[in-house]
Every structure is written in C-alpha cells, then in structure tokens.
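Structural description and commentary
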Amino acid sequence: MKSSMQSIHSKANGVATLLVFILILRIVSYFMLSDSVFITQSIKVSLRFLVTGLLVIILIQQQSNAKRLLIFTNPLPILFYLGYLFLGLCSLLWTSSFSDSMLQLMMDAEGLVFAFLFIKAWMINNNASNGLRLGKLLTVSIGIIIAVFLIGMLIDPAQFYRMTHGGEEARLGGFIINPNELGMLIGVGIGAAISDWKFAKGKLFHALTIVMFIYALILTGSRSSMIALMLIVFFFIMQTKDLRIRIAVILSVLAAIPFVIKSVIIKQGNVDEVMNMTGRIPFWKDLLSINFPREPLLGYGYMRIDYTDKFESINAYAGAMTHNTFLQALMGLGLVGLTMVLAQLALTVYTIFKTTHSCKRRLSIAILIPLLINSFTEFGIFGETNYGIIFYLMIVFMLCMEPSEEKLRTRVSESSHAHTSRFPERSSASAPVILQ
C-alpha cells in the first residue's frame, strides 16, 4: 500500500512538472524572441502546436479517466464564448482584411482548445493526495519566467529593459514583451500565489516568490498592474477575519501609495499624461466619434478597427488596435459583438460567485482582477491574441467543468472494493477522492 501511494505521488509530480513546462512554453510563445518577423512567427506557431500536442498526448495516455470523470456543469459561459468566435467567423464575409481576421480567429480558436485541454489534464490528475493545485502551477510557471527576466536584466539590460519617455524611463520587459503585458502576467502570478498561500508547504519560499513578483512589477512601471495589485491585496485582506492583520495590511498599503504615485503613476511629473492615459482617451474619442458611426452594427471585421490597417486619429496617434478590449470588440464586431462579449463576461462573473467551491472562487477572482484591469488599457481578454485570453479561458473552463459525481462514486467504490479485498482491515474511507 505504501509503495502504491509513493507511485501515485511520483506520477502526480511528473504530471505537475510537465504541466508547468507546458505553461511556461505557452507563455513564452507570445514573446518576441527575434528581430526577424519570420523567425518570431515560426517560433510562436511551433511552440503553440508543441504544447497543445503535448496536452493531447497526456490525455490520450489517460483516455479512460478523461472520458469518465469530467462533465460540463454550467456550459453557458463557454457557449457564449463560442458564439463570440462564431460571430468572428461570420465577420469574414464583411471584414476589411480577410487574412488578418482569419489569422486572429484561428489563433484565438487554438487558444480555446489549449485552455480546455490544459484544464482537463489538470482536473483528471488532481486528487486529494497529490495537491496538484492550479494556483501552484500558475505560481511556479510565472515565477520561473519572472526570475529569468530579473536575471536577464542584470546580464543583458539592453535586451530586458525598454527605454521610454525620451530614454529617461527604463521598464522591465524590453522588446521581448510589452511592459504592461508583463505587469499583467505578474499580477496573475501574485493572485495565484496569494490564493495558494494556505496550501503551500514552504511558506518562506512562497513569501519570497510574492516579494519577487512585487519587485518585478515595480520595475515594469505598469500603472494598471499596480492598481490591480492593490485590488488583489484588498480582496484577500477582506477574506481574513483577523482585524489586526487587516489593519496592518491597510496601513502598509496606505504608506506605499505616495511611493507608487511618485515612482509609477506620475512619471517625470507629467500629470497630463496620466489624465489622458498616455493618449488613449483622445484616441478612443476619435474612434467612437469618427469610425464607430460608419459600421455601428457589425463592425469592421474580427479584430479590425478601420478599413485600413491603422486608424489615423485626429487628436492622438495612429493605431492598429484600441488598447481596450471592449472597444476592440465594438469596433471589430459592432454593437452585436459588444453585447455578446458583455453577456459572456457577465455569465462568467455570475458563475464565479455562484460556485460553492471557495478555492475556485478565490483563485478566479484573484486572476480576473489583473486581467480585467489590463483589458481596459491593453489587448485584454477579448482583444488581439495574448496570453491574458488563455488565463481567462482557464477560469471559464475551471468554473464550468468538474468531475462527474456519479462516475466518481463508481470509481471510488471500485477502488474501495479492490482495497478491502486485498486489505480487509481497511475501510472504504481510504479510497481516493477527486477534488477541485
């Protein structure tokens, strides 16, 4: 029996390592790893097919479990997201660029498949004894990536830093990844790490990981991600019943606010830049007043905002994307598309608060906070392809799927019968139970 349990733990550790490896490669597939567009695109496509293929292999090897254990308990958020993609597919009939819309649609559809396979592989391997927690997988995966960035900035600062504001401001991320997108990734890591805190065995290592995340977040100079960090801290501090901890954390946050405003929010004393969100607000005004009235109902096509590749704003810059995921949906798919994505998001949020699994609820909210904040200023969960969409879809599938209770009881009963046959003195209470 002891050797059997050791075998289960060994298998779980192997699966966990493989899932961490897959998640790291998936995130890396969104980075700019070469100056050559052809090489970068080739790496991105290769990595995405590789990790999706690895997940398929994992599930094929565990085919019987995969078929027996999972059911869709609340399919509506998934169906509405599929409806959003179907509307994008229909938009190929009127899009201003068939090739661009098709490429974005294919990448988002592949991302949907990846998120489904990843959550499925995690769920069928997660049980009471191995502690294969999604929060832990995210924490470790993102932690390794951020550690590489921090080491990289010491070894090759030209590659890992991006100079902005006339070369006066250095932001972690370089041209490998937009610093704001890196900040969002760190926000997801912080949310996952805090939600996984009480389950972690090595509390000190977990605390050091969170400190590393916060330090890296400051280096990105991402205003939106810093706001997300404060909201995550506020959310978790409201979960504790210890008034002293609440007061201590709130006072710490209040003490840090002047530093955050001076060093991150207001850069080089430029208040106007903050007030117009670095030119985004006049850009949005021009989009809504000039381009939206031209195609109000169905938009310019999936992930398109104009008849040409870039919208030439009168009062701001020329841009190919909106820096706001909801405005992106409005411009690309019109009022019909915006209604679809708002309904899908509302269903997801409703499912989060409806779920009886407190761990799922905490993790979902902790991840959704940085994703939503990022969605108001960058690519976002319905915007052009980015890893934020993958994390969002992971939340959706985690909430909408769970082990089938009927099949689970059958498996537990069979397992109990087998154990009591070999070890009559043991009760059925020792049978494994699948947890979320």
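As a starting point, this report considers the structure included with it. Predicted, not measured: the structure shown is a model, and the values here were computed from it.

A few words on the pattern of salt bridges. Under the criterion given, the structure shown has five salt bridges. Between Arg304 and Asp100 there is a salt bridge, with its nearest N and O atoms 3.0 Å apart. Here Arg304, found in the loop between α13 (280-291) and β4 (311-312), pairs with Asp100, found in helix α5 (residues 98-125); they are 204 residues apart in sequence, far enough to count as distant. Residue class for Arg304 comes out buried when judged on its relative accessible area of 5%.

We now examine the side chain of Thr351. Mapped onto the elements, Thr351 comes out in helix α14 (residues 325-354). Not counting residues within four places of it along the chain, the set of residues in contact with Thr351 comprises Asn74, Pro77 and Leu399.

By the definition in use, this model includes one cavity of 30 Å³ or more. Estimates place the volume of the largest cavity at around 40 Å³. In this structure, the largest cavity is lined by Leu134, Leu138, Ile367, Phe391, Met394, Ile395 and Met398. Broken down by secondary-structure element, the contributors of at least two residues to the lining of the largest cavity are α6 (134-155) and α16 (387-400). Ranked by residues supplied to the lining of the largest cavity, first place goes to α16 with four residues.

The next subject is a nonpolar patch on the surface. Residues Leu93, Trp94, Leu297, Leu298, Leu335 and Val336 make up a contiguous nonpolar surface patch of roughly 550 Å² in combined accessible area. For Leu335, the position within the fold is in helix α14. Accessibility expressed as a relative area gives 41% for Leu335, which makes it partly exposed.

With that out of the way, let us pick up the environment of Leu79. Position of Leu79 among the secondary structure elements: in helix α4 (residues 76-90). For the pair formed by Leu79 and Gln344, sequence separation is 265 residues and the distance between their alpha carbons is 8.5 Å.

This paragraph deals with the packing of helix α8 (residues 179-195) against helix α9 (residues 203-220). Remark: α8 packs on α9, axes separated minimally by 9 Å, with the N-to-C direction vectors making an angle of 160°. Regarding the angle of α8 to α9, the classification is roughly antiparallel. As for the relative orientation of α8 and α9, their crossing is left-handed in sense. Touching Pro179, Leu182, Gly183, Ile186, Gly189, Ile190, Ala193 and Ile194 of α8 are His206, Ile210, Phe213, Ile214, Ala216, Leu217 and Thr220, all from α9.

Note that Val28 resides in helix α1 (residues 2-28). Its relative accessible area of 18% is what places Val28 among the buried residues. When the C-alpha positions of Val28 and Ile177 are compared, they lie 9.5 Å apart, and in sequence the two are 149 residues distant. Residues contacting Val28, with those up to four places away along its chain left out, are Leu33 and Leu47.

Cut-offs applied
- Per chain, the residues get numbers from 1 upward, laid out in the order the sequence is written.
- Given that this is a predicted model, residues contribute local features only at a pLDDT of at least 70 and side-chain atom pairs are listed and counted only at 80 or more, while totals for whole chains, interfaces and linings are drawn from all residues.
- In computing side-chain properties, one takes all heavy atoms of the structure into account and sets aside hydrogens as well as water.
- When a carboxyl oxygen of Asp or Glu is within 4 Å of a side-chain nitrogen of Lys or Arg, the pair counts as a salt bridge.
- Each helix corresponds to a stretch of at least 4 residues labelled H or I by DSSP, and each strand to a stretch of at least 2 residues labelled E; elements are numbered beginning at the N terminus.
- Each residue is assigned to one of three classes by its accessible area relative to the maximum for its type, calculated with a 1.4 Å probe on protein chains only: buried under 20%, partly exposed between the two thresholds, exposed over 50%.
- Whether two residues touch is decided by their heavy atoms; if any such pair falls within 4.5 Å, the residues are in contact.
- Two kinds of site are reported from a 1 Å grid over the protein atoms alone, namely cavities, where a 1.4 Å probe fits but cannot get out, and pockets, open sets with protein on both sides within 12 Å along at least five of seven lines, and residues are called lining when an atom falls within 4 Å of a point.
- Grid points are joined across faces, edges and corners, and a volume is the space filled by probe spheres set on the points.
- Here a patch means residues that are over 30% exposed by relative accessible area and free of salt bridges, tied together within 9 Å if like-charged and within 5 Å if nonpolar (Val, Leu, Ile, Met, Phe, Trp, Tyr).
- Areas reported as accessible are Shrake-Rupley estimates using a 1.4 Å probe. Residue values count occlusion only from the protein chains shown.
- Think of each axis as a best-fit line through the C-alpha atoms, taken over the contacting stretch in the case of a helix, with angles from 0 to 180 degrees between the N-to-C directions.
- With respect to orientation, any angle under 35 degrees is reported as roughly parallel, any angle over 145 as roughly antiparallel, any angle of 65 to 115 as roughly perpendicular, and every other angle as oblique.
- Crossings are assigned a handedness: left-handed for a near helix turned anticlockwise from the far helix by less than a right angle, right-handed for a clockwise turn.

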